[in-house]
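# A look at the structure
What follows is each chain in one-letter form.
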Amino acid sequence: MEILTNLLLPFTQPILLFFLGIGTLAGIYIGAIPGLSVTMAVSLLISFTFSWDMLPAIALMIGINVGGVYGGSRSAILLNIPGAPAAVATTFDGYPLAQKGEAGIAIGTTVVQSFVGGVVGTLFLGLFAPAVAKFALMFAPRDYLLLAIMGLMLVGSLGCESAARGIFAAAIGVFIGMIGIDMVTGQQRFTFGNVYLMNGVSYIVAMIGLFGMSEALYQMRDLSIYPVKQKVDKIVPGWKNVIRYLPLSLRTSLMGVIVGALPGTGGDLAALLAYDHARRTVKNNEVPFGKGAIEGLVAPESANNAAIGGAYIPMLTLGIPGDAVTAIIIGALYIHGLKPGPMFMTERPDIFWLMVGGMFIANIFLLIFGFTGIKMFAKIVEIPKQILMPAIVILSAVGAYSINNNVMDIYWMLGFGIIGYLFKIFKMPLGPVVLGVILSSLLEQNYRRAVSMVGNSIPAFILDILKHPISLVLFAAIVVMIVGQIRSAQKAAKS
């Protein structure tokens, strides 16, 4: 009875409902602006909510987190600029739909699927948090390394017809992610004596340049093409379509929960794995993947929102943040006198269940507010290129500068924009570059940890992989993926 009371507490207090609603609404529109990430919004909130009562502060942060992850899909669909790293996979089929005049259908689909994924993540947080956290603890550094390698193999086959080009693009992303000061030795790597490179390259700056600036440069090659008029008369997907994609939604949501519960991964990797799962399992889809397949929106959007609930599991039950946003939220909880960890559900069950209930309400608000402003946003694509492209350039510059308030980030954004433009000219995929940058730290850190745990011996490291079930399964999956890509390349060469 006490659990139910705490779970329903947000429903009974208007002030909590207000902050959950306003947080979700703000998160949607913040997430839709490239450069204004959810992480940035939540970090700024800590200073504003420092003197607040604990419950309204928690409600506002939950709302912005839920709304912001979905919001990144809007700019991904309309402008081919992911508002957040978790929306990179959404560009693969979302932007082609907008080019066909079906932006309204695409955005409506992402709203519903984000809601489904968010609810699944919340249910797992409430019902299976200790069990999922226990499973996450079974992952050793070698498993995270294999997971990162798997991610690199996936990006090598996503968003392009040539796996070789995809892997090459991912390798470039990993190289960019290695720039800066080595965290172990303190030595500079690939900085060429430039002090501005010592802190490394922000993957958000790279994302804005590669997707936003490059798209503007590419589109400005021919300004005579008239914009496609968008169909916004039918935004809300019918029940038949929701039920049709429900099995895929549930599978990818489950993947999102599990990946989100692994510390240091997050919704971007979850969305990538879900998209690949959809490509491998969906048969007889009406539109090919990469050309505007609805399944290409269902999978990543349900997974990245389910990863929110997954990321809260290790944060609340182990005191270990699941991603960058929960790392900030755990700091806010400490500021308000809470101590997330193994004893949290025993010592403060009221706060735990209130957060579960708040997350469920935030997803309801997401379903309501997610359908607002779609017609207005869809008009963006119909703006003549002579006006829209310069606006995208300005927006990209403002977004890059706002990350660190550093003018050098604007230059980096322009540089990545030129690289992205050349990639488009030579039919090279852009998604693998950004995801390679994101996965580089996960790859490097866990490789060093895994090897050092076995005495810095590579043979002992390989033997260690073969001795543990989780590692063996992940290793086998990587082998299968490599064999599959080789066979696909051979078939393509013969045809």
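As a starting point, this report considers the structure included with it. (Residues numbered from 1 in each chain as written. Predicted model: local features only at pLDDT ≥ 70, side-chain atom pairs only at ≥ 80, totals over all residues. Heavy atoms only, no water.)

Our focus in this paragraph is the environment of Leu439. Mapped onto the elements of the fold, Leu439 is located in helix α20 (residues 431–453). Judged by relative accessible area, Leu439 falls into the buried class, the value being 6%. Other than its neighbours up to four places away in sequence, Leu439 contacts Ala148, Gly151, Leu152 and Leu269. (Helix = DSSP H or I, 4+ residues; strand = E, 2+ residues; numbered from the N terminus. Buried < 20%, exposed > 50% of the residue type's maximum accessible area, 1.4 Å probe, protein only. Contact = heavy atoms within 4.5 Å.)

Turning to the pattern of salt bridges, a few remarks are in order. For the structure shown, the criterion picks out nine salt bridges. Each of Asp182, Arg189, Glu444 and Arg448 takes part in a single network of salt bridges with overlapping partners. (Salt bridge = Lys/Arg side-chain N within 4 Å of Asp/Glu carboxyl O.)

This part covers the packing of helix α10 (residues 203–219) against helix α18 (residues 385–404). One can describe the packing of α10 onto α18 by two numbers: an axis separation of 9 Å at closest approach and a directional angle of 165°. In this view, α10 runs roughly antiparallel relative to α18, as classed from their interaxial angle. The two elements α10 and α18 cross, and the hand of that crossing is left-handed. On α18, the residues that touch Ile204, Val205, Ile208, Gly212, Met213, Glu215, Ala216 and Gln219 of α10 are Lys385, Met389, Ile392, Val393, Ser396, Gly399, Ala400 and Ile403. Looking at the contact of α10 with α18, its residues break down into ten nonpolar, four polar and two charged. (Axes fitted to C-alpha atoms, helices over the stretch in contact; angles between N-to-C directions. Parallel < 35°, antiparallel > 145°, perpendicular 65-115°, else oblique. Left-handed = near helix turned anticlockwise from the far one by under 90°. Nonpolar A, V, L, I, M, F, W, Y, C, P; charged D, E, K, R; others polar.)

A word on the environment of Leu60. With respect to the secondary-structure elements, Leu60 resides in helix α5 (residues 54–78). It is 30 Å that separates the C-alpha atoms of Leu60 and Asp409, two residues lying 349 residues apart in sequence. Leaving out residues up to four positions away in the same chain, Leu60 has contacts with Phe19, Ile22, Gly23, Leu45, Thr49 and Trp52.

So, on to a nonpolar patch on the surface. Residues Tyr447, Ile458, Ile462, Leu466, Leu472, Phe475, Val479 and Val483 make up a contiguous nonpolar surface patch of about 650 Å² in total accessible area. At the level of elements, α21 (458–467) and α22 (469–494) are the ones that each hand at least two residues to the nonpolar patch. Mapped onto the elements of the fold, Ile462 is located in helix α21. For Ile462, a relative accessible area of 45% corresponds to the partly exposed category. (Patch = residues over 30% accessible without salt bridge, like charges linked within 9 Å, V, L, I, M, F, W, Y side chains within 5 Å. Areas by Shrake-Rupley, 256 points an atom, 1.4 Å probe, with all protein chains shown as cover.)

As a further point, take a positive patch on the surface. On the surface, Lys100, Arg221, Lys291 and Lys427 cluster together to form a positively charged patch. Considering the arrangement of structural elements, one finds Arg221 in the loop between α10 and α11 (239–260). (Lys, Arg positive; Asp, Glu negative; His and termini not counted. Charge placed at Lys NZ, Arg CZ, Asp CG, Glu CD.)

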